[in-house]
Structures are given as C-alpha cells and as structure tokens.
Amino acid sequence: MADSANKRNIPIKLGDFSVIDTEFSSIRERFDSEMRKMEDEMAKFRSELMNRESNFFETTSRYVGLI
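Calculation rules
- Per chain, residues are indexed from 1 in the order of the written sequence.
- The predicted origin of the model limits local features to residues at a pLDDT of at least 70 and limits the giving and counting of side-chain atom pairs to 80 or more, whereas totals for whole chains, interfaces and linings rest on all residues.
- By convention in this description, side-chain values take in all heavy atoms of the structure and omit both hydrogens and water.
- Elements are defined by DSSP. Helices are runs of H or I of four residues or more, strands are runs of E of two residues or more, and each kind is numbered from the N terminus.
- Only protein chains enter the accessibility calculation, which uses a 1.4 Å probe. A residue is then buried if its area is under 20% of the maximum for its type, exposed if over 50%, and partly exposed in between.
- The Shrake-Rupley method, run with a 1.4 Å probe, gives the accessible areas here. Residue values count only the displayed protein chains as cover.
- UniProt positions are given in the numbering used here, feature names are shortened, and annotations may be inferred rather than shown by experiment.
- Between Lys or Arg on one side and Asp or Glu on the other, a salt bridge is scored when a side-chain nitrogen of the former is within 4 Å of a carboxyl oxygen of the latter.
- Patch building starts from residues that exceed 30% relative accessible area and form no salt bridge, then joins like charges within 9 Å and nonpolar side chains (Val, Leu, Ile, Met, Phe, Trp, Tyr) within 5 Å.
- Charge counting treats Lys and Arg as positive and Asp and Glu as negative, with His and both chain ends excluded.
- One atom stands in for each charge, and that atom is NZ of Lys, CZ of Arg, CG of Asp or CD of Glu.

K.L.:
How should the overall build of the chain be read in this particular structure?
P.N.:
Assigned secondary structure in the chain consists of 2 helices and 0 strands. Going through the 67 residues of the chain one by one, you find that 0% of them count as buried. As displayed, the chain offers around 7200 Å² of accessible surface, 59% of which is attributable to carbon and sulfur atoms.

Listed below in structure tokens is the structure:
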C-alpha cells in the first residue's frame with residue numbers, strides 16, 4: 001500500500017529524435033572539425049618544411065659553386 005501512495009505519473013513527450021543520434025552527430029561534427037584543423041596544420045608544416053629545404057639546398061649549391 002505504501003508503494004502505491006508514492007507512485008506518480010510523469011508525462012513524457014515522445015519525439016522523432018534520439019539522444020544517442022544527436023550526441024553521435026555532435027561528436028562526429030567535432031571530430032570532422034578537428035581533423036580539418038589537423039590537415040590544415042599539416043599542410044602548413046609541409047609547406048614550411050619544403051621552403052626551408054629549398055632554401056637550404058639553394059644556399060648549399062652557392063657555396064659548392066664557390067669551391
């Protein structure tokens with residue numbers, strides 16, 4: 001009898017969305033964003049490395065030509 005006195009009806013509104021789907025989508029969007037940032041950073045790093053390498057070999061070839 002005590003249990004039935006403590007029971008309450010709680011209204012629940014059902015929708016067409018799933019919390020799991022929403023969270024997964026959010027995680028996927030954040031992951032895609034982070035991957036784009038990483039790809040941009042890697043492209044920048046690769047470009048800087050190529051510039052330094054070309055400058056190094058240009059400088060080295062000048063000194064070799066002087067010998």
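K.L.:
How should the UniProt feature "coiled-coil region" (unreviewed entry) in the chain be read in this particular structure?
P.N.:
Under the UniProt annotation, the feature "coiled-coil region" (unreviewed entry) is placed at residues 28-55. Here residues 28-55 is 100% helix and 0% strand, with 40 Å between the C-alpha atoms at its ends.

K.L.:
Even after reading the chapter, I still don't get the pattern of salt bridges, so can you show me in this structure?
P.N.:
Pairs may arise between side chains of opposite charge once their charged atoms sit close together. For the coordinates displayed, the defined rule picks out 1 salt bridge. The residue glutamate 34 makes a salt bridge to lysine 37 at a minimum N-O spacing of 3.5 Å. Residue glutamate 34 and its partner lysine 37 are located together in helix α2 (residues 19-66), separated by 3 residues, close to a single helical turn.

K.L.:
It is not clear to me how a negative patch on the surface should be interpreted in this structure. Could you clarify?
P.N.:
A contiguous patch of negative charge on the surface is contributed by Glu39, Asp40, Glu41 and Glu48. Among the secondary structure elements, glutamate 41 is positioned in helix α2.

K.L.:
So what exactly am I meant to see when it comes to a nonpolar patch on the surface here?
P.N.:
Residues Met38, Met42, Phe45 and Leu49 make up a contiguous nonpolar surface patch of roughly 400 Å² in combined accessible area. Relative to the assigned elements, phenylalanine 45 resides in helix α2.

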